[in-house]
Amino acid sequence: MTKIRLVLLLLACLCSQSLAQEKPHATGYVPSPFTKALRANSKVKHGPSLTRLATLTLPATYESPYQIPNQNQGNCGSCWAVSGAIIVSMANVQAGNAKGDGSFVASADTVMWCYSTGGCNGDDASTVFRIAENDGLPINADVGEYKDTGRGPCNKTAKRYKIDDWGYADTNGDGWSSYEEIKTCIFQYGGCICTNAAGALNDGEAVSTSRTSRTDHQTIYVGWDDTKVGNGYKGALLMKNQWGDWGFKRNGQWGYCWLAAFNDGKIAASGSSEVMWVKVNGSGPPLPPPPPVVMPLLGDLFVENGKIIRGELSIGGINYVARPNGTTSAGVPKFNFLYLAP
């Protein structure tokens with residue numbers, strides 16, 4: 001009788017473990033009531049610069065070098081807070097303020113524990129960015145590692161790190177970003193928040209191709225591959241999820257998934273919806289410079305090997321001033337040309 005009970009107990013434990021493994025992963029995206037106004041503001045503030053960024057020539061494949069170790073939101077519906085904190089952390093790595101070894105991870109718990117947010121019941125990453133821009137966020141190393149619970153003690157004394165700017169990756173403010181717009185923002189800002197349908201994401205290396213308008217989850221984009229092609233799509237975005245060992249492993253890290261870029265410009269699993277970027281201390285590659293001066297223009301001003309030798313000038317309302325930069329082989333003072341925005 002004792003042996004039978006032991007066998008039954010063992011079977012019960014195995015079944016319990018199996019059910020636990022089959023439990024759906026937590027999500028947590030709930031649209032912000034301020035989204036429409038935030039998008040409109042982003043369009044006015046960032047639309048022209050995003051349009052200018054679109055002129056950049058991008059490589060066929062790219063993966064952000066500013067990623068931090070994989071995070072796990074656990075059983076809490078905090079995808080919005082964890083993914084938002086990851087993007088804030090990556091922006092600081094890109095700006096040179098931190099290393100990508102996991103020593104700098106912005107605190108998602110601070111967002112949930114110190115502010116009136118949705119906590120484990122869900123919210124939007126824009127909430128994280130507004131807090132990070134106004135008050136700043138501490139890092140886990142100073143306030144404790146993430147705990148998958150919506151409420152806890154608020155540390156009010158730890159050092160905080162602010163972001164300088166954030167916005168949406170669509171130039172027209174309609175909430176939908178094209179493949180090219182998303183690629184540009186990944187390249188410029190190191191990564192983007194993406195809003196998607198959790199059930200449409202492939203747990204493996206196969207490219208996700210599900211079309212749906214439903215959104216219940218937020219993750220991040222960290223790269224792309226234009227060479228991935230298939231029926232109805234050309235190119236794919238590399239997404240990183242915060243579900244522990246879900247997805248496929250890349251560079252020693254779990255959590256990756258590919259989302260197809262359809263021929264109509266939309267991304268699989270609603271991945272073109274509400275895409276957002278973050279900026280810290282002028283992070284990112286420089287914008288394309290104005291056309292260089294290639295011939296003499298004023299008096300004793302002339303150019304040698306692309307550098308202004310003497311003088312200063314104004315062309316079409318754009319001002320250039322000379323900055324000393326040594327001398328020529330003949331002993332004539334040389335100057336770099338410094339661009340001043342009109």
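Residues numbered from 1 in each chain as written. Predicted model: local features only at pLDDT ≥ 70, side-chain atom pairs only at ≥ 80, totals over all residues. Heavy atoms only, no water.

## Some points on the overall build of the protein chain
Phase 1: Within the protein chain one finds seven helices and 13 strands.
Phase 2: Across the 342 residues that make up the protein chain, the buried fraction comes to 46%.
Phase 3: In the protein chain, of all internal contacts separated by at least 6 residues, the share reaching a separation of at least 24 is 70%.
Phase 4: If you sum the accessible surface of the protein chain, you get close to 16,500 Å²; carbon and sulfur atoms cover 54% of it. (Helix = DSSP H or I, 4+ residues; strand = E, 2+ residues; numbered from the N terminus. Buried < 20%, exposed > 50% of the residue type's maximum accessible area, 1.4 Å probe, protein only. Contact = heavy atoms within 4.5 Å. Areas by Shrake-Rupley, 256 points an atom, 1.4 Å probe, with all protein chains shown as cover.)

## Looking at the side chain of Glu 181
Phase 1: Of note, Glu 181 is situated in helix H7 (residues 179-189).
Phase 2: One buried charged side chain, Glu 181, makes no salt bridge at all; its nearest oppositely charged neighbour is Lys 266, positioned 10 Å away.
Phase 3: A distance of 3.0 Å separates a polar side-chain atom of Glu 181 from the backbone nitrogen of Ser 178.
Phase 4: Among all residues touching Glu 181, those that are not within four sequence positions of it are Ala 169, Asp 170, Thr 171 and Trp 176. (Lys, Arg positive; Asp, Glu negative; His and termini not counted. Salt bridge = Lys/Arg side-chain N within 4 Å of Asp/Glu carboxyl O. Polar contact = N/O pair within 3.5 Å; in protein donor to acceptor, adjacent residues only side chain to side chain.)

## A short note on helix H5 (residues 125-134)
Phase 1: Of all ten residues making up H5, seven are buried, and the element is well covered by its neighbours.
Phase 2: For H5, the full list of buried residues reads Ala 125, Ser 126, Thr 127, Val 128, Phe 129, Ile 131 and Ala 132.
Phase 3: At the exit of H5 stands Gly 136, carrying a positive phi of roughly 85 degrees.

## Describing the side chain of Ser 126
Phase 1: Looking at the secondary structure, you find Ser 126 in helix H5.
Phase 2: Beyond its immediate chain neighbours, meaning those up to four positions away, Ser 126 contacts Ser 32, Leu 38, Trp 166, Tyr 168 and Met 276.

## A closer look at empty space enclosed by the protein
Phase 1: Under the defined criterion, the tally for this structure stands at one cavity of 30 Å³ or more.
Phase 2: Lining the largest cavity, in full, are Gln 67, Ile 68, Pro 69, Asn 70, Gln 71, Ile 86, Met 90, Ile 220 and Lys 240.
Phase 3: Tallied by class, residues from the lining of the largest cavity come to five nonpolar, three polar and one charged. (1 Å grid on protein atoms, 1.4 Å probe; cavity = no way out; pocket = protein on both sides within 12 Å on 5 of 7 lines; lining within 4 Å. Points joined across faces, edges and corners; volume = space filled by probe spheres on them. Nonpolar A, V, L, I, M, F, W, Y, C, P; charged D, E, K, R; others polar.)

## Here we look at the state of the cysteines
What makes a disulfide is a covalent bond joining the sulfur atoms belonging to two cysteines.
Phase 1: Taken as a whole and assessed by the stated rule, the structure comprises two disulfides.
Phase 2: Paired through a disulfide, Cys 76 and Cys 120 show a sulfur-sulfur distance of 1.9 Å. As the torsion about the S-S bond is roughly -110 degrees, the Cys 76-Cys 120 disulfide counts as left-handed. Here Cys 76, found in the loop between strand S1 (61-63) and helix H3 (79-94), pairs with Cys 120, found in the loop between helix H4 (108-114) and H5; they are 44 residues apart in sequence, far enough to count as distant.
Phase 3: Paired through a disulfide, Cys 114 and Cys 154 show a sulfur-sulfur distance of 2.0 Å. Because the sign of the S-S torsion sets the handedness, a value of about 110 degrees for the bond joining Cys 114 and Cys 154 places this disulfide among the right-handed ones. Residue Cys 114 is found in helix H4, and its partner Cys 154 is found in the loop between helix H6 (140-143) and strand S2 (165-168); the two are separated by 40 residues along the sequence.
Phase 4: Using a relative accessible area of 22% as the deciding quantity, one classes Cys 114 as partly exposed.
Phase 5: Exposure remark for Cys 154: the relative accessible area of 28% places this residue in the partly exposed category.
Phase 6: Bonded cysteines in the protein chain are paired 1-3, 2-4 when counted in the order they occur along the chain.
Phase 7: Here Cys 185 is not disulfide-linked; the sulfur of Cys 192 is the nearest cysteine sulfur, at 5.0 Å.
Phase 8: Looking at Cys 185, the relative accessible area reads 1%, which means it is buried. (Disulfide = S-S within 2.5 Å.)

## Considering the environment of Cys 114
Phase 1: Residues Cys 114 and Cys 154, 40 residues apart in the sequence, show an inter-C-alpha distance of 5.2 Å.
Phase 2: Look past the residues within four positions of Cys 114 in its chain and what remains in contact with it is Asp 109, Cys 154, Asn 155 and Arg 160.

## Looking at H3
Phase 1: The end-to-end C-alpha distance of H3 is 22 Å, a good match for the 22 Å that 16 residues give at a rise of 1.5 Å each.
Phase 2: The buried fraction of H3 amounts to 16 of the 16 residues, a majority that puts the element mostly inside the structure.
Phase 3: Immediately beyond the C-terminal end of H3, within one or two residues, lies Gly 96, with a positive phi of roughly 85 degrees. (Expected span 1.5 Å × (residues − 1).)

## Looking at the nonpolar core
Phase 1: Counting 78 residues, the largest nonpolar core has Phe 129, Tyr 221 and Leu 259 as its most contacted members.
Phase 2: For this core, the element with the most residues is H3, which contributes ten residues. (Core = buried A, V, L, I, M, F, W, Y, C linked by side-chain atoms within 4.5 Å.)

## Quick look at the confidence of the model for the protein chain
Phase 1: With 75% of its residues at a pLDDT of 70 or more, the protein chain shows a mean pLDDT of 84.
Phase 2: The spread of mean pLDDT over the elements of the protein chain runs between helix H1 (residues 2-22), the lowest at 45, and strand S5 (residues 233-240), the highest at 98.
Phase 3: Every residue in residues 6-22 is under pLDDT 50, and counting partners more than four places away or in other chains gives zero contacts.
Phase 4: In this model, residues 308-316 is a region of pLDDT below 50 whose contacts with residues beyond four sequence positions or in other chains number 38 contacts. (pLDDT = per-residue confidence, 0-100.)

## Some points on the pairing of S2
Residues in a regular strand project their side chains so that they alternate between the two faces of the sheet.
Phase 1: Burial along S2 is two-sided: the residues Asp 165 and Gly 167 and Trp 166 and Tyr 168 are all buried.
Phase 2: In terms of strand pairing, S2 meets strand S8 (residues 273-279) through four bridges, oriented antiparallel. Its bridge partner lying in S8, Trp 166 is registered against Val 278. (Pairing = 2+ DSSP bridges.)

## Comments concerning the packing of aromatic side chains
Phase 1: Tallying each qualifying case throughout the model produces eight aromatic pairs.
Phase 2: Aromatic pair Tyr 62 and Phe 187: ring centres 5.3 Å apart, planes at 65 degrees, arrangement edge-to-face. Taken together, the positions of Tyr 62 in strand S1 and Phe 187 in helix H7 put the pair 125 residues apart, joining distant regions of the chain.
Phase 3: Each ring, one from Trp 166 and one from Tyr 168, has its centre 5.7 Å from the other, and the planes form 55 degrees; the classification is tilted.
Phase 4: Judged by relative accessible area, which is 1%, Tyr 168 ranks as buried.
Phase 5: Among the aromatic residues, those joined into a cluster by ring pairs are Tyr 62, Phe 187 and Trp 224. (Phe/Tyr/Trp six-rings, centres within 6.5 Å; stacked < 30°, edge-to-face > 60°.)

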